[in-house]
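Residues per chain, in single letters:
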Amino acid sequence: MDLYPSFQTAKETGQKKFVVLIDPDKIRLGNMDQILKLAVDAQVDYFFIGGSLVVNNMLDQCLSSIKEKCDIPMILFPGNSFQLSYRADGILFLSLISGRNAELLIGKHVVTAPYLKLSPLEILSTGYMLIDGGIPTTVSYISNTQPIPANKDDVAMCTAIAGEMLGLKMIYMDAGSGAKNPVRNSMIEMVSGAVQIPLIVGGGIRDAVTAYEKAKAGADVIVVGNAIEKDPQLIIDMAAAVHSVSTKTPATDKQ
Ligand code: 1GP
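My aim in this report is to walk through the structure given alongside it, one point at a time.

Cut-offs applied
- Residues numbered from 1 in each chain as written.
- Predicted model: local features only at pLDDT ≥ 70, side-chain atom pairs only at ≥ 80, totals over all residues.
- Heavy atoms only, no water.
- Helix = DSSP H or I, 4+ residues; strand = E, 2+ residues; numbered from the N terminus.
- Rg over C-alpha atoms; globule rule 2.2 N^0.38 Å.
- Buried < 20%, exposed > 50% of the residue type's maximum accessible area, 1.4 Å probe, protein only.
- Contact = heavy atoms within 4.5 Å.
- Areas by Shrake-Rupley, 256 points an atom, 1.4 Å probe, with all protein chains shown as cover.
- Lys, Arg positive; Asp, Glu negative; His and termini not counted.
- Charge placed at Lys NZ, Arg CZ, Asp CG, Glu CD.
- Axes fitted to C-alpha atoms, helices over the stretch in contact; angles between N-to-C directions.
- Parallel < 35°, antiparallel > 145°, perpendicular 65-115°, else oblique.
- Left-handed = near helix turned anticlockwise from the far one by under 90°.
- Nonpolar A, V, L, I, M, F, W, Y, C, P; charged D, E, K, R; others polar.
- Polar contact = N/O pair within 3.5 Å; in protein donor to acceptor, adjacent residues only side chain to side chain.
- Core = buried A, V, L, I, M, F, W, Y, C linked by side-chain atoms within 4.5 Å.

### As for the overall build of the protein
Thinking step 1. Helix and strand counts for the protein come out as eleven helices and eight strands.
Thinking step 2. In summary, the protein has a C-alpha radius of gyration of 17 Å against a globular reference of 18 Å for 255 residues, a match within 12%.
Thinking step 3. Counting only C-alpha atoms and orienting by the principal axes, one finds that the protein spans roughly 50 × 40 × 35 Å.
Thinking step 4. Looking at the protein residue by residue over its 255 residues, the buried ones come to 53%.
Thinking step 5. Taking as baseline every contact in the protein between residues at least 6 positions apart, the subset at least 24 positions apart corresponds to 74%.
Thinking step 6. When the accessible surface of the protein is summed, it comes to about 11,900 Å², and 55% of that surface belongs to carbon and sulfur atoms.
Thinking step 7. Of the side-chain charges in the protein, 22 are positive and 26 negative, and the distance between the mean point of each set is 3 Å.

Below, the structure written as structure tokens:
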């Protein structure tokens with residue numbers, strides 16, 4: 001499957017996408033089967049697979065068990081260069097453009113490039129922007145970078161524009177897993193108005209209304225992890241809320 005064209009087409013046609021983030025460490029928790037069934041029923045668009053720290057080496061097993069049960073594309077969202085597997089469909093090749101840690105801007109990429117060049121994975125080069133979500137997150141600690149302050153919409157906009165100009169194919173604004181506050185709507189509006197490439201937003205989205213608002217503000221792709229791990233049933237309402245933004249006409253929205 002060509003993943004990037006599917007993101008591009010969705011952006012062009014205003015079809016919002018809903019992503020469930022699966023942390024391979026959590027595969028041992030009994031709710032994995034339930035999550036997969038609900039994801040199929042709710043027509044979840046993609047799985048992102050990864051975590052800042054994956055400690056149980058369950059990545060391959062996680063990917064295989066998802067593939068056995070459904071056709072939802074699996075995209076690696078690696079927290080480090082050990083989280084690679086040919087069993088996925090694609091990989092977010094992340095450059096942490098909100099930070100100034102050279103290793104995460106280009107260093108790790110050089111090391112992993114030969115492996116990825118030979119792999120069947122579709123490479124999705126992505127400008128990754130950490131946005132302050134109200135609490136220190138694992139990503140900001142591990143990456144040794146400062147997130148963009150939550151109210152600095154202009155900094156986020158300029159960073160995203162620079163990422164697009166550098167040729168990155170997508171922008172991912174992340175308040176970090178388990179963030180207290182998701183990325184603000186005003187920041188999403190400003191960034192989505194400034195770049196043409198697909199905009200992914202995640203971190204701290206816990207309910208369908210918030211997911212709807214973020215998509216409405218201009219996010220093309222909404223990512224939810226923690227809330228769904230805690231309550232898998234949320235998948236149904238969240239996916240429906242995000243997908244509904246695509247189908248609503250402006251006239252319907254005003255009602
Ligand atoms: C984190 O954007 C993802 O990188 C998802 O965050 O786990 O808070 O939903 P949550």
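Having put the structure on the table, let's press on.
### Considerations on the packing of helix α6 (residues 153-165) against helix α7 (residues 185-194)
Thinking step 1. At a minimum axis distance of 9 Å, the contact between α6 and α7 shows a crossing angle of 30°. In terms of orientation, α6 lies roughly parallel with respect to α7. Once α6 is placed against α7, the crossing between them reads as right-handed. Judged by residue contacts, Asp153, Asp154, Ala156, Met157, Ala160, Ile161 and Glu164 of α6 engage Ser186, Met187, Met190, Val191 and Ala194 from α7.
Thinking step 2. For the contact of α6 with α7, the per-class residue count stands at eight nonpolar, one polar and three charged.

### Points about the side chain of Ser143
Thinking step 1. Among the secondary structure elements, Ser143 is positioned in helix α5 (residues 138-143).
Thinking step 2. A distance of 2.7 Å separates a polar side-chain atom of Ser143 from the backbone oxygen of Val139.
Thinking step 3. Contact partners of Ser143, with chain neighbours within four places excluded, come to Leu96, Asn101, Leu104 and Leu130.

### Things to note about the nonpolar core
Thinking step 1. Counting residues in hydrophobic clusters, the biggest one holds 82 residues, and the most contacted among them are Phe18, Phe47, Phe48, Ile49, Ile66 and Met173.
Thinking step 2. At seven residues, the largest contribution of residues to this core is made by helix α10 (residues 234-247).
Thinking step 3. When near neighbours in sequence (up to four residues on either side) are disregarded, Phe48 contacts Val19, Val20, Leu21, Ile22, Ile75, Phe77, Leu92, Tyr172, Ile200 and Val223.

In short, geometric facts, not functional conclusions.
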